[in-house]
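Examining the three-dimensional arrangement
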4 protein chains.
Amino acid sequence: MTSTTRVEAFSDGVLAIAITLLVLDLRVPLRDGLHTSLAHALARQWPSYAAYVTSFLIIGIIWVNHHAVFGYLGAADRMLLFLNLVLLMFVAAIPFTTSLFAEYLTAGRDAHTAAVVYSGVMLAMAVAFSCLYAWAASHPRLLREGVDPAAARASVVRFSAGTVVYLATIGVALISAPLCLAVHFVIALYYSFQQVRLR
Amino acid sequence: MTSTTRVEAFSDGVLAIAITLLVLDLRVPLRDGLHTSLAHALARQWPSYAAYVTSFLIIGIIWVNHHAVFGYLGAADRMLLFLNLVLLMFVAAIPFTTSLFAEYLTAGRDAHTAAVVYSGVMLAMAVAFSCLYAWAASHPRLLREGVDPAAARASVVRFSAGTVVYLATIGVALISAPLCLAVHFVIALYYSFQQVRLR
Amino acid sequence: MTSTTRVEAFSDGVLAIAITLLVLDLRVPLRDGLHTSLAHALARQWPSYAAYVTSFLIIGIIWVNHHAVFGYLGAADRMLLFLNLVLLMFVAAIPFTTSLFAEYLTAGRDAHTAAVVYSGVMLAMAVAFSCLYAWAASHPRLLREGVDPAAARASVVRFSAGTVVYLATIGVALISAPLCLAVHFVIALYYSFQQVRLR
Amino acid sequence: MTSTTRVEAFSDGVLAIAITLLVLDLRVPLRDGLHTSLAHALARQWPSYAAYVTSFLIIGIIWVNHHAVFGYLGAADRMLLFLNLVLLMFVAAIPFTTSLFAEYLTAGRDAHTAAVVYSGVMLAMAVAFSCLYAWAASHPRLLREGVDPAAARASVVRFSAGTVVYLATIGVALISAPLCLAVHFVIALYYSFQQVRLR
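Position numbers for residues count from 1 along each chain, tracking the sequence in the order it is written. Chain labels run from A onward and ligand labels from 1 onward, assigned in the order the entries are written. Residue-level local features of this predicted model are given only where pLDDT is at least 70; pairs of side-chain atoms are given and counted only at 80 or more, and the full residue set underlies all totals for whole chains, interfaces and linings.

**A closer look at the overall build of chain A**
Runs of E in the DSSP output that reach at least two residues are strands. Runs of H or I that reach at least four are helices, and both are numbered from the N terminus. Along the backbone of chain A there are nine helices and zero strands. Reading chain A from its N terminus to its C terminus gives the helix and strand order α-α-α-α-α-α-α-α-α. The dimensions of chain A, computed from C-alpha atoms along their principal axes, are 65 × 30 × 25 Å. Residue burial is a threshold on neighbouring C-beta atoms within 10 Å of the residue's own C-beta, all placed from the backbone, with 20 or more meaning buried, 12 or fewer meaning exposed, and counts in between meaning partly exposed. For chain A, buried positions account for 52% of its 199 residues. Considering only contacts within chain A whose residues lie at least 6 apart along the sequence, 81% involve residues at least 24 apart. Placing C-beta atoms from the backbone, we regard two residues as in contact once those atoms come within 7 Å.

**So, the environment of Ala154 of chain B**
Residue and element names in this part refer to chain B. The residue Ala154 is located in helix H7 (residues 149–159) in this model. Residue Ala154 is classed as partly exposed on the basis of its 14 C-beta neighbours within 10 Å. Along the sequence, Ala154 and Pro140 sit 14 residues apart, while their C-alpha atoms lie 14 Å from each other.

**A look at the nonpolar core**
To form a nonpolar core, buried Ala, Val, Leu, Ile, Met, Phe, Trp, Tyr and Cys residues must be joined through C-beta atoms within 7 Å. Membership of the largest hydrophobic core comes to 302 residues, with the highest contact counts inside it found for Val91 of chain A, Val91 of chain B, Val91 of chain C together with Val91 of chain D. Excluding its chain neighbours within four sequence positions, the residues that come into contact with Val91 of chain A are Val14, Leu15, Ala18, Ile59, Ile62 and Met125 of chain A.

**Remarks on the arrangement of the chains**
The smallest C-alpha distance separating chain B from chain C is 9 Å, and no contact links them. Regarding chain A and chain D, which are not in contact, the minimum distance between any of their C-alpha atoms is 9 Å.

**Describing the relation of the copies chain B and chain A**
The superposition of copies rests on a least-squares fit of C-alpha positions from residues with pLDDT of 70 or more in both. When chain B is fitted to chain A, the residual RMSD is 0.0 Å, and the transformation amounts to a turn of 90° plus an axial shift of 0.0 Å. The two molecules are tied by a four-fold rotation axis, judged by turn and shift.

**Structural notes on the interface of chain B and chain A**
The interface is formed by 27 residues belonging to chain B together with 24 residues belonging to chain A. Counting only elements with at least two residues in the side of chain B that touches chain A, the list comes to helix H1 (5–21), helix H4 (78–92), helix H5 (94–104) and helix H6 (109–137) of chain B. Counting residues per element, the side of chain B that touches chain A draws most heavily on H1 of chain B, at eight residues. The residue inventory of the side of chain B that touches chain A, partitioned by class, reads 19 nonpolar, three polar and five charged. When residues are sorted by character, Ala, Val, Leu, Ile, Met, Phe, Trp, Tyr, Cys and Pro go into the nonpolar class, Asp, Glu, Lys and Arg into the charged class, and all the rest, Gly among them, into the polar class.

**Notes on helix H9 (residues 177–192) of chain D**
Residues and elements named next belong to chain D. Helices are assigned an expected span. That span is 1.5 Å times one less than the residue count. Here H9 contains 16 residues, and its C-alpha end-to-end distance of 23 Å stays within 8% of the 22 Å for a straight helix at 1.5 Å per residue. Listed as buried for H9 are Ala177, Cys180, Leu181, Val183, His184, Ile187 and Ala188. With its buried residues spanning 160° around the axis, H9 presents them on a single face. In this structure, H9 carries Val186 and Tyr190 as exposed residues pointing more than 90 degrees from its buried face. Note: the arc covers the axis-to-C-beta directions of the helix.

Treat this as a map of the structure, not an account of what it does.
In structure tokens form, the structure reads like this:
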């Protein structure tokens with residue numbers, strides 16, 4: 001078992017980079033390819049801005065929750081390091097799914113595909129996060145001194161509600177891609193002010 | 001409420017990445033597409049270099065001011081975390097607006113559009129920053145021990161002068177895009193030596 | 001000789017960035033170029049996802065081992081800094097070899113070339129890592145107080161077994177590129193739960 | 001005046017990102033555009049690999065020297081922060097000049113242009129670094145307790161010898177671009193084992 005300080009620093013780095021790489025999804029319209037005005041070309045890119053804002057908020061909240069969860073931990077074993085790596089693997093993929101979502105948001109049938117992929121990666125991220133938290137909560141030796149294992153386990157159940165929410169967004173994705181993005185935005189906004197905590 | 005150490009580390013990461021990603025706006029001229037010499041092709045890219053230097057200075061100053069403001073804080077609540085995320089969202093968008101500005105700086109009517117977008121994102125960043133500082137200053141429990149709330153509130157007013165300056169650059173953008181970039185450069189240079197501080 | 005704290009922080013930064021840059025290898029299919037459906041286009045990109053997951057795991061494990069090795073060190077001399085830089089140089093190249101491997105995984109004869117390059121860079125990374133560890137283990141003044149030099153030297157031998165494994169993957173690369181990627185994935189999974197440690 | 005801890009952390013971040021972004025200069029040959037074999041196409045990219053290795057070493061050494069210089073500092077004033085930002089601005093541009101150098105290394109007359117730009121940015125970086133060090137050494141209140149101002153000033157002179165070396169590479173650039181790259185590599189290798197230090 002190792003201290004969690006370094007795991008947190010590495011995770012912070014990956015999260016900070018993933019959130020900043022989202023800007024690469026904002027593309028400068030080609031000067032030669034402008035049919036009308038730049039203002040018009042930029043306005044047509046609204047899906048990119050909407051997806052940028054939504055994903056930025058989501059990764060920001062993942063960061064806040066990551067710190068909240070690791071605040072209850074006192075040590076990390078190999079399984080925890082592995083689960084954390086899987087979590088980061090899905091988070092690091094968000095700039096890709098964001099770009100995909102923005103590009104195909106108004107593409108008819110393909111829009112549903114892009115929305116399902118976006119929601120699916122969020123779901124996978126939430127499942128990995130819940131597994132990580134559940135693993136820690138069920139191994140008291142990993143918890144920080146003073147943290148009540150029973151309270152931690154109860155907190156895992158509430159925390160895992162997020163996975164149900166993301167599962168539901170896959171359903172919304174099949175109905176309407178723009179609605180799906182809007183739902184993700186509202187979820188992100190809601191969680192901005194509701195973070196995981198022990199009772 | 002949480003400690004501000006981690007918020008600062010995460011913000012530092014985002015700022016360091018955003019400032020370094022500016023280099024992606026500097027493009028290597030296509031070897032096959034060279035009509036004259038490489039020297040000529042590079043010289044024609046002067047808007048990219050000017051925008052790179054200006055945005056680099058601006059993000060550098062945001063970093064300095066971010067540290068100055070967080071130096072007065074002792075704790076962070078959820079609203080502060082949220083406002084900080086909004087601030088970072090605009091900062092992380094600067095490599096995009098910089099690239100846009102450089103590409104369209106000499107594009108006639110579209111140059112004004114690009115300059116307005118560039119100045120607009122700077123304005124939004126300054127507004128988010130002022131809101132963050134004002135929120136902290138009006139909640140004494142967030143301030144570090146020994147920081148005078150009245151002095152902090154007075155400092156917010158002076159700090160917010162920056163938003164007026166960025167508002168003015170939107171006006172300049174409508175007159176002349178190159179002049180607008182020059183004004184941003186002068187502002188950045190000025191603020192390099194004038195940082196926020198309590199009296 | 002200098003403290004190892006800063007070397008670790010810098011190395012952590014490079015590792016976190018390299019692992020996150022892997023996402024740039026995941027490409028959004030061009031909307032105009034879709035012959036069939038987006039789902040079909042995404043499914044055809046399976047080599048990119050397989051390579052992303054494998055390389056993500058590998059860099060994650062390099063990070064874990066980097067910390068394990070530096071956990072035994074108390075100081076760094078110039079040669080150690082230089083060997084660490086060479087190690088990072090190969091790690092930072094992994095997003096490139098990953099992209100190359102994914103692009104050519106199904107390209108007949110060229111697939112072997114891409115697999116050899118991928119395995120070759122991993123081998124070079126492992127050799128650099130072994131040299132770094134061997135240098136430290138053979139210079140007791142670099143070891144942390146309480147670390148037994150003899151145990152460290154014995155650990156180097158076991159650690160270097162990894163280089164033999166990577167050498168073997170070059171052989172596999174000549175037989176089958178997809179098999180080579182699968183072997184790299186299995187190795188990464190194995191090492192996720194088996195890290196370097198002193199006896 | 002502020003503590004140097006945060007300046008160092010921010011600078012470390014920029015240096016780690018700039019060194020890792022060098023990988024973006026390594027391009028995967030287009031699968032459709034292959035005239036012969038992938039092996040042949042990769043071999044033809046040798047200037048990219050040579051430039052990658054050279055720039056990686058150079059940024060690594062800048063990092064080592066940055067730490068050495070800041071190890072003598074106890075505080076930072078505004079001018080020092082500004083000079084550090086200018087230094088980072090040139091370092092962050094290295095991925096661009098590296099890509100430019102690699103692309104045009106074998107391009108006849110244009111190769112000289114690319115080599116001059118590469119050497120010129122290195123010279124500007126070295127000048128900024130010397131100014132930063134000279135400013136600190138000539139303001140004893142910025143030095144860490146126990147550091148002899150006279151020894152620091154003497155060290156600046158030796159440190160600034162690097163600027164003369166980089167000035168000379170501009171001359172070499174006009175003679176031969178590949179030779180210029182080789183000279184940069186040798187300089188980097190030399191400085192890997194010779195760092196700034198007080199006597």
